[in-house]
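Single-letter residue listing:
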Amino acid sequence: MNNILKNIFKLKKEKSSEQFEPGVTMVQTTPLSEDQLKAVSFANVALRPPQFLIGCGQSVGLQRDHNEDTIFSMSSILADGRNDVPFGLCVVADGMGGHLNGEIASAVAARTVARILINKIYTHLLENNPDPMEESLQETIEHAVNEVQKNVVRYAPGGGTTLTIALILGEQVTIAHVGDSRAYFIYPDGRIQRLTKDHSLVQRMIDLEEITEAEAKNHPHRNVLLKAIGQAEPVYPDVQTHQIPKSGHLMLCSDGLWGVVAEADLYRSISSQSDPALACKEMINLANKNGGPDNISVILVKFQG
Amino acid sequence: MELPQDQPGTRKITETLDNDTGTFLQLHSGVVLAERYQIQDVIGVGGMGSVYRARDLHFPNVIKLVAVKEMINQAPDPVVRKTIVKNFEREANILVTLNHPSIPKIYDFFSHENRSYLVLEYINGKDLEAILKSSLEPINEDQVIIWSIQICDVLEYLHTHKPEPIIFRDVKPSNIMINQSNHVVLVDFGIAKMFKTGQKGTMIGTEGYSPPEQYRGDATLQTDIYALGATMHHLLTHRDPRLETPFSFGERQIRQINPLVSKELETIINTALEYNPADRFANASEMKAALVALARRTGALPRSGSNNLSLSEQDVKPLWWFECEDEIRGTPTVDNGLLYVGSYDNNLYALDATKGQFLWKFATKGGIVAKPLVAENSVFFGSADNKLYVVQARTGKFLWEFLTNGAIHCSPKIAEGHIFIGSDDGNLYAVNISTFQKSWEIHTGGPVRSSPFLTKDMIYFGCEANEFICSDYRGSIKWRYLTKRPVTSSPIVADGIVYFASQDANFYALDAKSGWVIWRFRMAKGSVSSPALGENSLIFGSADNFLYCVDKSSSREQWRYKCDHQVSGSPFIYKDAIYCGTASGSFYSIDYASGRLRWKFISGGAITGSATAFNDVIYVGSTDHKVYAFMA
């Protein structure tokens, strides 16, 4: 941008921080380590177009006989030099209920929401002269969740599911959730920011200061949800939009992961692997090592800053 | 009237589904069910089918209307299918045994292929959810008391039913109809009963209205009492509990939101909403008795809207004020101990900010509305005489001017050696401050009164021609967003999202890069108020008299404060408080965290600009010609 400004406004010339002083650079003669290499090769060059890698993992766990979770992910880039629009969609649904309805519910939920959002938003991106969208992104997602609700009530009555959606569009990610499948930002400096607040009884009791976080972990009602897809009511998801971190990760997961593996261990797995798929595999191994009491689902998005 | 004789029994019902929208194919009007009920219209849509208004053809000489509730069973699992039918039959069986003016009579029950039908008394009226939706105002207290007494009455009837008490389990506005004689009728018995305990516990009732124990699968008489309390809270505050954290009514005390409600009624509702069932009313008759006693005491006395105005109003005196020769409609600026303010008397004034003493004034040939900008030892400001003026900040000595073709109502901004300013001639100008020449202009279809927001590489502004524009520093437009009415509000950009209000009654959050709408927040009327950015929230006023505080990532309302008139200026955040004025001349100081009034001052004219602050002193101008200084 600075260059453009200089050209238009004929500002006084400033020295760009990206320029190397002749003679000072490249004095190191020993081979560079991978980290050092990364530092010199990528440090000041922003990746164009901005992009991300998605990895995911799923496991039935060690104590359940079948899987009731469903995950969905896709990513795409459309870059023409003027408007770079990365698009990504990730969904985690954790089914519950008797008979086969838990797995039907989570599958119906993930399919429905992916179909609607791809039809409405992704297809719209690929149109030549798109009319502006009538709805806001958050409204589109809310309406999609309500359609999911109707479909689950119809195809899996008695069953229910959590639903956590992350829609990446440009530099923003919009997250909607119902239930206790979580979304996190994980920063390179080790910070883990939980974006979603569980719709669970224990979370509410924590908020009311009736119990502590530690007590919640072993509370007899820790599985009771205050909100889930599958009630015969319009569902109001929590919807929020955040700017994507310049570098770092977005993680979506079911309670089979977050309830079983400590945050510090999750961070270690994520930061030790450059490939998000391998990081997912490692996190699932950790959950199973800790007993694997529930189905495990995880989607990890790595932003290439 | 002729019966449709040519109909060979019931017309076939098609089972087609629309796969994209996932909606059931509803019965068309004219379809006759069970050779008796002729469908007229859809009056409701539930999770498993629709509710229709139908005519009972067994009464050929009178028009007898009935409600037909449909349940479409599409469960793939035969065990589940059976359970669903059983639950539906149970609803019918419960209703058959009941006889109360607030419970609809049941006439018939039958199944057809995978659809089951209940034929019920048709209630000609509106449910409370629809009544709430039809207005932005809360329902008045006397009306809520009268309806609640009737609801307690029918709950009392259900709870003392023999042999088993009946717990309604789903008291909420959409299940409470008000008929033509303003009488309550409970509808929808038993929809919540089909949900089974799964691994994650039971999901029954309606989120937002249901008490904590119901989520654990317990339902007692106190369950219905809590849900009635939740419903009353919703009616009196117009705040939908389904949009709030469950069991958080204690954090939204009724009288904070609607001060017209009496303390006594608030206490009754708080008792019904106790977290612990044992702390609530023991039964519906106890709650009814409390409500009846209150209704007797208040009688049917109408409350006047004005007697609560001075509720928390304190006596606030300005530190000083300075009077110009005409109205002050704009916002003052403080810099380096000097207060700069423009007036409709065509002058820009410079005052000593601590004492309010006059230092100098600079005369233009038109009124000065916008907020002056101080930069590089100069004051930049526009005037209704079409010019951008630049004067020396200390002395008011004229430095240079730039002529546009229209009055200037826009506050200038500075970046990259340029002043950016809009004019009523429809242009946004980039004026070079070393050559005093324009570098470019962007032409829009209407006056530009919205002050541009400048980021590192983009310029954002609205215009009166119903659009919002993003341009780069070359003056080439990156994107436009069309609103339905003018955008006078000045935008603000944070974390890649641009926020602004429009006179089309929406507050917008657009992706700053692409112009995609991320969320929209609807107000009752349009707004020209520019948003103020708090830590995680946005605060803005509106012509609907409200000052809103919403979460910036979700658009969820944190609180709203009802002012006595429209808020056109931008709210100003200073420390823990928000300052804003209204068209009736009131100047409010509101607590940022809670949205409660700290103090209020009434000036002699409308306040259309914003406040500003320096050293714990708040400054604001009024159309009573004065600029006031207050302790923060």
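Here the residue index of a chain counts from 1 through its sequence in written order. Here chains are named by letter from A upward and ligands by number from 1 upward, in the order in which they appear as written. In keeping with the predicted nature of the model, local features appear solely for residues at pLDDT of at least 70, side-chain atom pairs appear and are counted solely at 80 or more, and the whole-chain, interface and lining totals rest on all residues. To obtain the side-chain values, all non-hydrogen atoms of the structure were used and water was disregarded.

Novice: Explain the overall build of chain B to me, please; I cannot follow it from the model alone.
Specialist: Within chain B, the regular secondary structure consists of eight helices and 43 strands. Here's how the labels work: a residue is buried when its accessible area is under 20% of the maximum for its type, exposed when over 50%, partly exposed in between, all with a 1.4 Å probe on protein chains only. By the burial criterion, 58% of the 632 residues in chain B qualify as buried. Contact criterion: two residues are considered in contact whenever any of their non-hydrogen atoms come within 4.5 Å of each other. Across chain B, contacts joining residues at least 24 apart in sequence account for 47% of those joining residues at least 6 apart. Accessible surface is estimated by sampling points in the Shrake-Rupley manner with a 1.4 Å probe; for residues, cover comes only from the protein chains shown. About 25500 Å² of surface is accessible on chain B, with carbon and sulfur atoms providing 50% of the total. Comment: elements are numbered from the N terminus, with helices defined as DSSP H or I runs of at least four residues and strands as E runs of at least two.

Novice: What should I look at first to understand the sheet that holds strand E29 (residues 492-494) of chain B in this one?
Specialist: Strand pairing in a sheet relies on backbone hydrogen bonds. The paired strands run either parallel or antiparallel. All names here are of chain B. Taken in spatial order, the four strands line up as E29-E30-E31-E32 in an open sheet, and their pairing is antiparallel. Each of the sheet's edge strands pairs with one partner strand only, and the pair in question is E29 and strand E32 (517-522). Here the average twist between neighbouring strands, direction ignored, is 20°. The pairing of strand E30 (residues 497-501) with strand E31 (residues 506-511) spans five bridges and is classified as antiparallel. Bridging across to E31, Tyr499 finds its partner in Ala509. When DSSP finds two or more bridges between two strands, those strands count as paired. Orientation is described by lines fitted to C-alpha atoms, with helices fitted over the stretch in contact, and by angles between N-to-C directions that extend from 0 to 180 degrees.

Novice: Could you clarify how one ought to interpret the side chain of Asp425 of chain B in this entry?
Specialist: All names here are of chain B. Secondary-structure assignment places Asp425 in the loop between strand E22 (418-422) and strand E23 (427-432). Among buried charged residues, Asp425 stands out as having no salt bridge; its nearest opposite-charge side chain is Lys438, 8.3 Å away. In this view, Asp425 contacts Thr404, Asn405, Gly406 and His443; residues no more than four positions away in its chain are not counted. The sign given to each residue is positive for Lys and Arg and negative for Asp and Glu; His and the chain ends receive no count. Salt bridges are counted wherever a side-chain nitrogen of Lys or Arg sits within 4 Å of a carboxyl oxygen of Asp or Glu.

Novice: Is there a simple way to explain the side chain of Ser378 of chain B in this structure?
Specialist: Inspection of the secondary structure assignment puts Ser378 of chain B in strand E18 (residues 378-382). Beyond its immediate sequence surroundings of up to four residues, Ser378 of chain B is in contact with Leu373, Val390, Val391, Ala393 and Leu399 of chain B.

Novice: I would appreciate a short explanation of the interface of chain B and chain A in the present structure.
Specialist: Interfaces are often sized by the amount of accessible area the parts lose when they come together. Listed as interface residues are 61 residues of chain B and, on the opposing side, 63 residues of chain A. Summed over both partners, the interface of chain B with chain A comes to about 5700 Å²; 57% of that surface belongs to carbon and sulfur atoms. Between chain B and chain A we count six salt bridges in total. A salt bridge links Lys513 of chain B to Glu171 of chain A; the nearest nitrogen and oxygen atoms lie 3.2 Å apart. Two N or O atoms form a polar contact when they lie within 3.5 Å of each other; inside protein one atom must be a possible hydrogen donor and the other a possible acceptor, and for residues adjacent in sequence the pair counts only when both atoms belong to side chains. Our enumeration of links across chain B and chain A arrives at 14 residue pairs in polar contact (both at pLDDT 80 or more). Mapped onto the side of chain B that touches chain A, the elements with two or more residues apiece are strand E2 (23-24), helix H1 (78-96), strand E24 (438-443) and E32 of chain B. When two components associate, each loses some accessible surface as probed by a 1.4 Å sphere; the sum of these losses over both components is called the buried area.

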